[in-house]
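# Structural description and commentary
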2 protein chains.
Amino acid sequence: MNKGIPDIRTIQKAHERIGSWIHRTPVLTSTSINKILGTQIFFKCENLQKIGAFKFRGASNVVLSLSEQESKNGVATHSSGNHAQALALAGANRGINAYIVMPKTSTKVKVAAVEGYGGKITFCEPNQQAREQALKKIVSDTGAHFVHPYNDYRIIAGQATAAVELLEETSDLDYIMAPVGGGGLLSGTALSTHYLSPNTQVFAGEPEGANDAWQSLREGKIVPSVNPSTIADGLLTSLGDKTFPIIQKYVAGIFTVPDDLIIAAMKLIWERMKIIIEPSGAVPLAALIKNQSVFKDKRVGIILSGGNVDLERLPF
Amino acid sequence: MNKGIPDIRTIQKAHERIGSWIHRTPVLTSTSINKILGTQIFFKCENLQKIGAFKFRGASNVVLSLSEQESKNGVATHSSGNHAQALALAGANRGINAYIVMPKTSTKVKVAAVEGYGGKITFCEPNQQAREQALKKIVSDTGAHFVHPYNDYRIIAGQATAAVELLEETSDLDYIMAPVGGGGLLSGTALSTHYLSPNTQVFAGEPEGANDAWQSLREGKIVPSVNPSTIADGLLTSLGDKTFPIIQKYVAGIFTVPDDLIIAAMKLIWERMKIIIEPSGAVPLAALIKNQSVFKDKRVGIILSGGNVDLERLPF
């Protein structure tokens, strides 16, 4: 099962599987932000999800769907942050070890959180090759089951459940927006929306300094993320061969945004909505601010992907 | 009507009256905070209410219940912040003027918000006498209807609706906690809880540096708040002759807490729950932290009263 692109039944089963473990996060609105932008926005608050990000959905779906045999040596992954916390907590919930390779540049608050959930951390250099090498060694030493942060249909099906809930609580959305890094959230969001609300178009927001997904769509093949530079530290990775085809087929387009707009959007949400989001989560709203005429008078769902920021290092 | 202490029908009518104007705020839980304290806590997130605080409930209830005659010259009040925003927006919603006397020490973000809602501000010295004088002049000049921040049964009935919603979404609460300043939220919370969940006890949290309500309960009469000094700037005022008798009769007790615990509780909520609360809103959780044994293994509802902080002046 789950051998191909998740169908609606697979996504619904994932939702049932993780339902009692996740928060049903609220969908919030802000009259003042709507007024500023001339758009009706429905924010799906995955920053209020357990571990502070949507990643807990996908990680929980994988961990809970493993057989006894597959799970007995624990799970392992590499992650710059939120997936690390997600897998650590999902592993703890099932009572299995979670081995986490983290770049040594990860924010303090994310490292502390992974440790708090009992994750076993190995630090590595902040590049893809170092991550994969460290991970390979851990998997070979422990026999742990590798859980990729995004390039896995079980992960995609889990992330897809955020849009399922958003679509249950809203109607007649013109667009749904999500940020794009590796593409797990975006591809899952696009699938759920395609199945449940085919007239709603899905767009992504992406930092200009890490615009590999935008390039990939333009060139029709995966363009790797090389030396990305953006404050949105959850969106640095490249697309995968499972996420990219779904994005190609079901995502209407990607808007890129500069860091100063990401920071402005982040601050706007903090000030007006009294919720904490991380820079990556502000990218879709930044895209709305940059392209106001596109979204004028539309009904737009935005997935606020996460809220894990170091309160001692705010960008404003 | 509304000539005496609000009964349950009066509170329910207030809820119907304001229902379409307010946010139905979410009740959030945090596994990690529950684990730290050994308590099951249900946070009623009035920081996510319109204008960022519960005060919008009471102000809306007053403004919407005025006759044409009573409302035609607008409304007026004095407030250190959240009630000011609340009355400004409630007035704008009804299309009437809202005249606001604010101490000139009010935080920048609160002043900007009142202006944003179209409130007409008069600044005064930061003391009760200066406020009342400035207000008297405005009322006499304009004929505006005075709306007291808390010492008014219509306000109390409005604030009482937050606990109504909390009790609809939770069950078997041992305690409900609210902060206490002038006592509008606390007396309203105590009334709703008395009517709807008589086995639930209501407690308040109060800053040590502004412990006039605690003193008032002890002495059996209103002890005025003189030179209060606390970071919880929403809790500086004295009880009123309408709020105090309700608190005396229906509130089980008041816990006082020092500012350092208020800041710690505030930071804990920001970090673990990804929501922004102001210091005043952190006071009940600070009381739980200070008195862990009292609340051990209990089910506690906490009303997070507001989220209006100046992001450039954080205490941590």
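These numbers come from a predicted model, not from an experiment. (Residues numbered from 1 in each chain as written. Chains lettered and ligands numbered in written order. Predicted model: local features only at pLDDT ≥ 70, side-chain atom pairs only at ≥ 80, totals over all residues. Heavy atoms only, no water.)

This part covers the sheet that holds strand β7 (residues 175-179) of chain A. Residues and elements named next belong to chain A. Read across the open sheet, the six strands follow the order β1-β2-β10-β7-β8-β9; overall the sheet is mixed. Lying at the two open borders of the sheet, with one neighbouring strand each, are β1 (27-28) and β9 (253-257). Bridging between strand β2 (residues 40-45) and strand β10 (residues 299-304) involves six bridges; their strand directions are parallel. Note that in β10 the partner of I41 across the bridge is V300. On the sheet, helix α13 (residues 279-290) packs against β2, β7, β8 (201-207), β9 and β10 and is oriented at approximately 130° with respect to β7. (Pairing = 2+ DSSP bridges. Helix = DSSP H or I, 4+ residues; strand = E, 2+ residues; numbered from the N terminus. Contact = heavy atoms within 4.5 Å. Axes fitted to C-alpha atoms, helices over the stretch in contact; angles between N-to-C directions.)

Let's shift gears to the pairing of β9(A). Residues and elements named next belong to chain A. Counting buried positions over the five residues of β9 gives five, a clear majority of the element. Sheet analysis places β8 next to β9, joined by five bridges and oriented parallel. In the strand pairing of β9, G205 is matched with F255. (Buried < 20%, exposed > 50% of the residue type's maximum accessible area, 1.4 Å probe, protein only.)

Here the second copy of the chain follows from the first by a rotation about an axis and a shift along it. If you rotate chain A by 180° and push it 0.0 Å along the axis, it lands on chain B with an RMSD of 0.0 Å. Considering both components of the superposition, the chain copies are consistent with a two-fold axis. When C-alpha distances to the rotation axis are compared across chain A, the minimum falls at A:I275, with a value of 2.1 Å. Mapped onto chain B, 100% of the interface residues of chain A are again interface residues, and the two copies thus contact each other with one and the same surface. (Least-squares fit on C-alpha atoms with pLDDT ≥ 70 in both.)

With that settled, the discussion passes to the sheet that holds strand β10 (residues 299-304) of chain B. Residues and elements named next belong to chain B. Sheet architecture is open: six strands sit in the order β1-β2-β10-β7-β8-β9, paired in mixed fashion. Looking at strand neighbours, the two that pair on one side only are β1 (27-28) and β9 (253-257), the edges of this open sheet. Sheet strands in contact with helix α9 (residues 184-196) are β7 (175-179), β8 (201-207) and β10, and its direction is about 165° off that of β7. This element, helix α13 (residues 279-290), spans β2 (40-45), β7, β8, β9 and β10 of the sheet and lies at about 130° to β7.

The subject of this paragraph is the interface of chain A and chain B. Chain A puts 22 residues into the contact, and the matching count from chain B is 22 residues. When the shortest N-O distance is used, the salt bridge between B:E312 and A:K267 registers 2.9 Å. At the junction of chain A with chain B, the criterion picks out ten residue pairs in polar contact (both at pLDDT 80 or more). Counting residues per element, the side of chain A that touches chain B draws most heavily on helix α12 (residues 259-273) of chain A, which supplies four residues. (Salt bridge = Lys/Arg side-chain N within 4 Å of Asp/Glu carboxyl O. Polar contact = N/O pair within 3.5 Å; in protein donor to acceptor, adjacent residues only side chain to side chain.)

Residue and element names in this part refer to chain B. Here L239 lies in the loop between α10 (212-219) and α11 (243-250). By relative accessible area, which is 6% here, L239 ends up buried. Counting along the chain gives 194 residues from L239 to C45, while the straight-line C-alpha distance between them is 24 Å. Dropping the residues within four chain positions of it, L239 is found in contact with Y150, V180, G181, G182, G183, D212, A213, S216, I222, F244 and I247.

Turning next to the domain arrangement of chain A. Residue and element names in this part refer to chain A. For chain A, the assigned domains are domain 1 (8-53 + 152-313) and domain 2 (56-146). Here domain 1 and domain 2 have C-alpha centroids that lie 23 Å from each other. Every contact between the two is made by 30 residues of domain 1 and, on the other side, 26 residues of domain 2. A combined buried area of about 2,200 Å² lies between domain 1 and domain 2, and 56% of that area is made up of carbon and sulfur atoms. (Domains from an automatic or database assignment. Buried area = accessible area lost by both parts, 1.4 Å probe.)

Moving on, we get to the confidence of the model for chain A. In low-pLDDT regions, the fine details of the predicted coordinates are not to be read closely. In the predicted model, chain A carries a mean pLDDT of 96, and 99% of its residues have values of at least 70. Overall fold confidence for the complex sits at a pTM of 0.94, while the interface term, ipTM, reaches 0.92. (pLDDT = per-residue confidence, 0-100.)

Attention now moves to the side chain of A:S216. Residues and elements named next belong to chain A. Mapped onto the secondary structure, S216 falls in helix α10 (residues 212-219). Judged by relative accessible area, which is 0%, S216 ranks as buried. Every residue in contact with S216, bar those within four places of it in the chain, is listed here: K221, I222, V223, L239 and F244.

Residue and element names in this part refer to chain B. Running from N to C, helix α1 (residues 8-18) and helix α8 (residues 153-169) cross one another at 90°; their axes reach a closest spacing of 8 Å. The orientation of α1 relative to α8 falls into the category roughly perpendicular. Contacts between α1 and α8 involve T10, I11, A14, H15 and I18 from the first element and A157, G158, A160, T161, V164 and E165 from the second. Tallied by class, the residues present in the contact of α1 with α8 amount to six nonpolar, four polar and one charged. (Parallel < 35°, antiparallel > 145°, perpendicular 65-115°, else oblique. Nonpolar A, V, L, I, M, F, W, Y, C, P; charged D, E, K, R; others polar.)

Taking 1.5 Å of rise per residue, the 17 residues of α8(B) would be expected to cover 24 Å, and the 25 Å separating its terminal C-alpha atoms lies within 8% of that figure. By the criterion of burial, α8(B) is predominantly enclosed, with 15 of the 17 residues buried. (Expected span 1.5 Å × (residues − 1).)

Residues and elements named next belong to chain A. Packing of helix α9 (residues 184-196) against helix α11 (residues 243-250) leaves a shortest axis separation of 9 Å and a crossing angle of 45°. When the axes of α9 and α11 are compared, the pair comes out oblique. Considering how the two elements wind past one another, α9 and α11 form a crossing that is left-handed. Only T243, I246, I247 and Y250 of α11 make contact with α9, whose side of the interface consists of G184, L186, S187, A190, L191 and H194. (Left-handed = near helix turned anticlockwise from the far one by under 90°.)

Attention now goes to the pattern of salt bridges. Opposite charge on two side chains permits pairing when their charged atoms draw close. This model, assessed by the stated rule, comprises 32 salt bridges over all chains. A salt bridge links B:E312 to B:K108, with the nearest nitrogen and oxygen atoms 3.5 Å apart. Of the two residues, B:E312 is situated in the segment after β10 and B:K108 in helix α6 (residues 108-116); the sequence distance between them amounts to 204 residues. Taken together, the shared-partner salt bridges connect A:K44, A:E46, A:R57 and A:E165 into one network.

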